[in-house]
Amino acid sequence: MPTAGGSAEAAENLLPLALSRPHDAIASARSLLASDARAVEASIAHQAWGIGLRQLGDVTSAVRELRTALRLAEQSGRSEREADVLATLGATLGRAGRSREGLARLDRAVELSRGALTGRVLVRRADVLLVLGRHREALDDLRLAIARLRRSGDQVWEARSRNYRGFIQLALGGTKRADADFAVAEKLYAATGQEFEYAEARQNRGLVAYSRGDLPSALRYLDEAGRRFATVGVAWPDLAIDRCGVLLAAGLSAEALAEMDQAIAQMQAEGGTATKRGELWFAAATAALAAGDPEAARERADRARRLFSAQHREWWSVRSSMVQLESRYQSGERGERLLRRVGAVARRLDALGASEASAAHLLAGRLALADGRSRTADRELELAGKHSKDAPPIARSAGWLGKALRAEARSDVRGMLAACGRGLDALDEHRLTMGATELRALATGQGAELAELALRDALRRDDPRRLLVWGERWRATALGVPPVRPSDDEQLGADLAALRDVVRRLDASPDPSLDKERRRLEKAVRDQALRAQGGALPGGAARLDVDALVEALGETVLVELIEVDGMLHAVVVRDGRISRHEVGPLTAAAVEVERSRFRLRWLAHGRGARGQAQRGPSLEVLGARLGDAILGAAQEQMGDRAVVMVPPSRLQALPWGLVPALADRSVNVVPSAATWLRARRLRPPADRRVVLVLGPGLSAGRAEVMRLAEKYPDATVLADGDATAEKVLRELDGAWIAHIAAHGTFRADSPLFSSLRLDDGPLTVYDFERLRRAPYRMVLSSCDSGLAKPVGADELLGLSSSLIPLGAAGILASVVPVNDPATAPLMLALHDNLQAGQSLAAAFAGARAEARGDPVTVAAARSFVALGA
């Protein structure tokens, strides 16, 4: 049997253990209670047991243990023991949504305590006040607590008080003060071995990074916190909530929604505190709203609001009401009634100091404009436009949008354009903090409305030069700089190699366990890429220099297609003159694109060659319709010159060679004029290396590559087991010409996993992004290798688009599946023209002109596009 002294020492060690390792604390408490412990030690054991249960989400059992601890503390006759248990019970009741009872217990604990103990009680009272959104009162308690705890040398409780204070400072917008408190708390937790709370501090550092707009750092902090929580056996709902916020800011709404669905399912299965239930439903509502499901958002926000109202948590309740109102607006509701409700909620959010206040005023301004209430709109948009210079870039951009809408309503064109420019500058700053191409592309979606305001003004003025400049301002900007390699590039390489092996084995024999491993590895690869840190560009983001563009074009004609309010406009740059031509509805153009792609796919399977009856219009008729739908009168402006085509992202999968006006000329297709200008300035490598790659399973491709090897006797040929990812990447890096004949796969669900099939498995976009420099010219003799997914404002994610920022001046790729035997003669003719000194686009135009007669061969020639310059 333990001695009284040993029992007391064991009991005192339990309380720090309960927050650090709750499972161990509960086991030790049970062991102590199994002995003949005195009332004081038994009270401590039950208190530690209750804290451990609370940390693990079982609040009902936790309250029961704490009531037992309180009864034993009262029996001991020690007021400090009673005060400490009262404080723990009060904080737990507050977290359970019983805030009035919890505060009453905490007030009594303050009366009974003295010295450092008062500091510990004040920290727990501040926790309940924080839950209620009573931030100023909580700060007052924490200021007193920190002073007392520092004087007494109580490092653990000083750390806790700083952690709480940092969280409140963050809620009030003080990121610098918050980070300073979290940093001190982190050091103190590490010094005292508080593993759980150290993880919580790392999580909070992630929140600071998120508040500053540094999303890659935020994700890394939250990942580390998650690993540390898992080490101590805790599933922490706050982590899911914080991850949801960061994912939404990154534009990853589907991932945020999945995160919250999983957290809610776990909460419903395992239980949890009433306060966390409300917060989880609130986060789930915001995720559903961002994912475009207003009905689900409204239902979830209503659940959250009812929980918060019952718990007397006004700060949370009002924020939930705002999500409900936004979902009503997103569902199409308008009118005076909604305007009054949004205005009232905006004023309450102002009073509470909530960050959502600006968005509420912006929504009220929109509603007032729609209802013709100019004075109300002016007032609300003025409030929406206010932001701190220290606010993160996304918040500043939203503020500039409010200013732009207000200026437009006042017919202040100059002010509107200035606000649009400043808002897009802020989003440039936000975008460049991210190293991943995917995040940069998604981030542009937040600037779409700012760009549209300026584009509408250019149309009203009938100013084609201004239309071109603003059309370029937020188009394909993610491709303007190369992606940043993750800091742990070796781990990324290992995961990609493992993924290739798994996919290769899956192709040979489907296996559910292998498919599960594939999904795990894909998540690991994508997560590493998303956490890559960006960096500011010297001089900021690049802007299109129209004069430099005109000079570089020379005799070439540029046609940029710009969509404004559903209508397609062609801006033509020829001989220094810029003109605009209205084409027609974008939806009509999209229909013609799909009709053409369908026919080319049908012919790719050899149906036309086998004498099957022709279905529908001929390729010639389809091509003429396509030209009218996407170019209209602009076709008459091109003469017989080379052309640079700049389509919107929604029309990127367009077989340009099918259009009669383009069929026999050199056509370069680029996602933006600025991209073409950058590609044109690239210099070919001094080393004229040629690399030929043959993937497995291509009988026609073998003849194609072997014939090309005869044309390039010094070429490096990788085939028959040598076409492995590492060898191919090593040879491609900085090559002059690379030709890859391999099966291609476009992944619409996750475009950066689009791939070319090599001997050891798929070579994905993530592999290509590890190149120091892409080949100067690259020919992808593969199905769907030119496809990309439209994301953000006007961005593309896919296999060929990933090569543009890596230094590829020209890429030949297909936008539909192709017939392999029919493709081989086209590729041989292409290389004959390249060896004669022609550019890639000109060489392809010549090869395309030779493809006559056989409809399958003609279809193959029309299925490829030349990208770049």
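Residues numbered from 1 in each chain as written. Predicted model: local features only at pLDDT ≥ 70, side-chain atom pairs only at ≥ 80, totals over all residues. Heavy atoms only, no water.

K.L.:
Which residues make up the overall build of the chain, and what are the values?
P.N.:
Counting secondary structure elements, the chain contains 38 helices and 16 strands. The C-alpha radius of gyration of the chain comes to 32 Å, within 12% of the 29 Å expected for a compact globule of 869 residues. Overall size of the chain, expressed as C-alpha extent along the three principal axes, is 100 × 70 × 50 Å. Counting only residues that meet the buried cut, the chain has 59% of its 869 residues in that class. Of the contacts made within the chain by residues no fewer than 6 positions apart, 70% connect residues no fewer than 24 positions apart. As presented, the chain carries roughly 34,200 Å² of accessible surface, and 48% of it is formed by carbon and sulfur atoms. The average position of the 121 basic charges and that of the 111 acidic charges among the side chains of the chain differ by 4 Å. (Helix = DSSP H or I, 4+ residues; strand = E, 2+ residues; numbered from the N terminus. Rg over C-alpha atoms; globule rule 2.2 N^0.38 Å. Buried < 20%, exposed > 50% of the residue type's maximum accessible area, 1.4 Å probe, protein only. Contact = heavy atoms within 4.5 Å. Areas by Shrake-Rupley, 256 points an atom, 1.4 Å probe, with all protein chains shown as cover. Lys, Arg positive; Asp, Glu negative; His and termini not counted. Charge placed at Lys NZ, Arg CZ, Asp CG, Glu CD.)

K.L.:
Describe in detail the pattern of salt bridges, supporting the description with residues and values.
P.N.:
By the definition in use, this model includes 83 salt bridges. Here Arg81 ties to Asp84 by a salt bridge, and the two come within 3.2 Å at their closest N and O atoms. Of this pair, Arg81 and Asp84 are both found in helix α5 (residues 79-95), three residues apart, which corresponds to roughly one turn of the helix. Asp84 matches Arg81 in its accessibility class, with the two residues each being buried. Asp565 is the salt-bridge partner of Arg456, the closest N and O atoms lying 2.9 Å from each other. Of the two residues, Arg456 is situated in helix α24 (residues 448-461) and Asp565 in the loop between β1 (557-564) and β2 (567-574); the sequence distance between them amounts to 109 residues. Since its relative accessible area comes to 25%, Arg456 is described here as partly exposed. (Salt bridge = Lys/Arg side-chain N within 4 Å of Asp/Glu carboxyl O.)

K.L.:
Pulling in residues and values, what's your account of the packing of aromatic side chains?
P.N.:
The tally for this structure, following the rule as stated, stands at seven aromatic pairs. Judged by centre distance (5.9 Å) and plane angle (35°), the rings of Phe229 and Trp236 are tilted. The pair formed by Phe229 and Trp236 is uniform in burial state, with each residue classed as buried. Among the aromatic residues, ring-to-ring pairing joins Phe282, Phe308, Trp315 and Trp316 into one connected group. (Phe/Tyr/Trp six-rings, centres within 6.5 Å; stacked < 30°, edge-to-face > 60°.)

K.L.:
Tell me about the nonpolar core, residues and numbers included.
P.N.:
Val559 and Ile630 are the most contacted members of the largest nonpolar core, which has 153 residues in total. For this core, the element with the most residues is helix α15 (residues 274-290), which contributes nine residues. With residues up to four places along the chain from it excluded, the contact list for Ile630 reads Leu561, Leu568, Val583, Ala589, Val593, Leu651, Leu654, Trp656 and Val659. In this structure, Leu401, Leu455, Trp470 and Val670 belong to the second largest nonpolar core, which totals 42 residues. (Core = buried A, V, L, I, M, F, W, Y, C linked by side-chain atoms within 4.5 Å.)

K.L.:
An account of the sheet that holds strand β10 (residues 755-758) is requested, with residue identities and associated values reported.
P.N.:
What the three strands build is an open sheet, ordered β9-β10-β11; its pairing is antiparallel. Of all the strands in the sheet, just β9 (744-745) and β11 (761-764) have a single pairing partner and so form its edges. One ladder, built from four bridges, connects β10 with β11; its direction is antiparallel. Residue Ser755 lies in a different strand from β11, and its bridge partner there is Thr764. (Pairing = 2+ DSSP bridges.)

K.L.:
Describe the packing of helix α17 (residues 314-330) against helix α19 (residues 357-370), listing the residues and the values that go with them.
P.N.:
Contact pair α17 / α19: the axes reach a minimum separation of 11 Å and the direction vectors enclose 30°. Judged by the sense of rotation from one axis to the other, the crossing of α17 with α19 is left-handed. Facing α17, whose interface residues are Met322, Leu325, Glu326 and Tyr329, α19 presents Ala359, Ala360, Leu363, Arg366 and Leu367. Here the residues of the contact of α17 with α19 are counted per class, giving seven nonpolar, no polar and two charged. (Axes fitted to C-alpha atoms, helices over the stretch in contact; angles between N-to-C directions. Left-handed = near helix turned anticlockwise from the far one by under 90°. Nonpolar A, V, L, I, M, F, W, Y, C, P; charged D, E, K, R; others polar.)

K.L.:
Summarise the environment of Asp749; cite the residues concerned and give the values.
P.N.:
By the secondary structure assignment, Asp749 is in the loop between β9 and β10. Considering only alpha carbons, one finds Asp749 and Lys789, 40 residues apart in sequence, at a separation of 8.9 Å. A polar side-chain atom of Asp749 sits 2.8 Å from a polar atom in the side chain of Arg747. (Polar contact = N/O pair within 3.5 Å; in protein donor to acceptor, adjacent residues only side chain to side chain.)

K.L.:
Break down helix α4 (residues 59-76) for me, with residues and values.
P.N.:
If you check α4, its first and last C-alpha atoms are 25 Å apart, about what 18 residues at 1.5 Å a residue would give, namely 26 Å. The inward-facing, buried residues of α4 contact α3 (39-55), α5 and α6 (99-112). Once α4 finishes, Gly77 follows within two positions and takes phi at roughly 75°, a positive value. (Expected span 1.5 Å × (residues − 1).)

K.L.:
How would you sum up the environment of Pro216? Please name residues and give values.
P.N.:
Within the secondary structure layout, Pro216 lies in helix α12 (residues 215-231). Of the residues examined, Pro216 reaches a relative accessible area of 0% and is grouped as buried. Between the C-alpha atoms of Pro216 and Gln637, which are 421 residues apart in sequence, the distance is 46 Å. Dropping the residues within four chain positions of it, Pro216 is found in contact with Thr433, Met434, Leu530, Arg531, Ala532 and Gln533.

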